[in-house]
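Coordinate analysis (summary)
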Amino acid sequence: MIKILFVCHGNICRSPMAEYVLKDMVRKLGMEDAFEIDSAATSREEIGNGVHPGTRRKLKEAGIPCGNHRARQMTRADYDHYDYLIGMEQWNLRNMYRIAGVGPEEDTPKKIWRLLDFGSRPRDIADPWYTGNFEETYEDVMEGCRALLQKILRKN
């Protein structure tokens, strides 16, 4: 089983969007049983809160089911459990390393990544909490999830 944890600042916009996008992709491939996909935050600000209405709206427009996710904070145990811990931006990665208790040079299994590092144009995914642009975030998340899934399928 391939275990993936998407991580952003609050776990209400970008990371749950990526979680549900990738779950939809693997479901359409008939591979749900081969994956464990979840999401978490680097901060405690939104703990217990549901998916942001803008993310829900965008996923609904795209025909992607959105579950009853509640924000939670990433833990050290997540680093041990998941194969891939995927942040949305450089600040997420910095905080993910801190929470995991490892530095980039100590992440020897190379578990911590930025989502768009898998694509052809590595970059951060802007936070729609601040930009209000859920469409742009969705396009970036789709690009990153497609590239991540291609990498995983080639590897396995």
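You'll find the structure just up there.
Predicted model only: the values in this text are computed from it and were never measured.

Concerning the overall build of the protein
Secondary structure assignment for the protein yields six helices and four strands. Listed by position from the N terminus, the elements making up the protein come as β-α-β-α-α-β-α-β-α-α. The globule rule puts the C-alpha radius of gyration for 156 residues at 15 Å, and the 14 Å found for the protein is close to it. Evaluated residue by residue, the protein yields a buried proportion of 53% over its 156 residues. At a minimum sequence separation of 6, the contacts of the protein that also span at least 24 residues come to 76%. On the protein, roughly 7,600 Å² of surface is accessible, and the fraction owed to carbon and sulfur atoms is 49%. Averaging the locations of the 24 positively and 24 negatively charged side chains of the protein gives two centres separated by 2 Å.

A few points about the sheet that holds strand β3 (residues 84-87)
Strand pairing in a sheet is mediated by backbone hydrogen bonds. Such pairs are either parallel or antiparallel. Read across the sheet, four strands follow the order β2-β1-β3-β4 without closing on themselves; strand pairing throughout is parallel. Pairing within the sheet leaves two strands with one partner each, and these edge strands are β2 (35-41) and β4 (112-114). Going from strand to strand, the sheet's axes swing by 25 degrees on average, the running direction of each strand aside. Across three bridges, β3 lies against β4 in parallel orientation. The partner of Gly87 across the bridge, within β4, is Arg114.

Brief notes about the pattern of salt bridges
Applying the stated rule across the entire model yields 14 salt bridges. Connected through shared salt-bridge partners, Arg14, Glu89 and Asp127 make up one network.

Description of the pairing of strand β1 (residues 2-8)
The element β1 is extensively covered by neighbouring structure, given that six of its seven residues are classed as buried. Two strands pair when backbone bridges link them, and β1 and β2 are joined in this way by seven bridges, in the parallel orientation. Across the sheet, the residue bridging to Phe6 is Ser39, located in β2. Handedness of the crossover joining β1 and β2 through helix α1 (residues 14-28): right-handed. Pairing analysis gives four bridges linking β1 to β3, with the strands arranged parallel. Looking at the pairing, Ile4 lines up with Tyr84 of β3.

Some remarks on helix α6 (residues 134-155)
Taking 1.5 Å per residue, 22 residues should reach 32 Å; α6 reaches 31 Å between its end C-alpha atoms and fits that length. For α6, the secondary structure elements touched by its buried residues are β1, α1, β2, α2 (53-61), β3 and α5 (128-131). For α6, the N-terminal cap is Asn133; the gap from its side-chain oxygen to the backbone nitrogen of Glu135 is 3.4 Å.

Comments concerning the environment of Leu5
Mapped onto the elements of the fold, Leu5 is located in strand β1. The exposure class assigned to Leu5 is buried, which follows from its relative accessible area of 0%. Spatially, the C-alpha atom of Leu5 lies 18 Å from that of Asn49, the residues being 44 residues apart in sequence. Among residues more than four places away in sequence, those in contact with Leu5 are Asp38, Ser39, Ala40, Arg72, Met74, Asp78, Tyr82, Tyr84, Leu85 and Ile86.

Cut-off values and rules
- Residues numbered from 1 in each chain as written.
- Predicted model: local features only at pLDDT ≥ 70, side-chain atom pairs only at ≥ 80, totals over all residues.
- Heavy atoms only, no water.
- Helix = DSSP H or I, 4+ residues; strand = E, 2+ residues; numbered from the N terminus.
- Rg over C-alpha atoms; globule rule 2.2 N^0.38 Å.
- Buried < 20%, exposed > 50% of the residue type's maximum accessible area, 1.4 Å probe, protein only.
- Contact = heavy atoms within 4.5 Å.
- Areas by Shrake-Rupley, 256 points an atom, 1.4 Å probe, with all protein chains shown as cover.
- Lys, Arg positive; Asp, Glu negative; His and termini not counted.
- Charge placed at Lys NZ, Arg CZ, Asp CG, Glu CD.
- Pairing = 2+ DSSP bridges.
- Axes fitted to C-alpha atoms, helices over the stretch in contact; angles between N-to-C directions.
- Salt bridge = Lys/Arg side-chain N within 4 Å of Asp/Glu carboxyl O.
- Right-handed = clockwise from strand over helix to strand, strands pointing away.
- Expected span 1.5 Å × (residues − 1).
- Polar contact = N/O pair within 3.5 Å; in protein donor to acceptor, adjacent residues only side chain to side chain.

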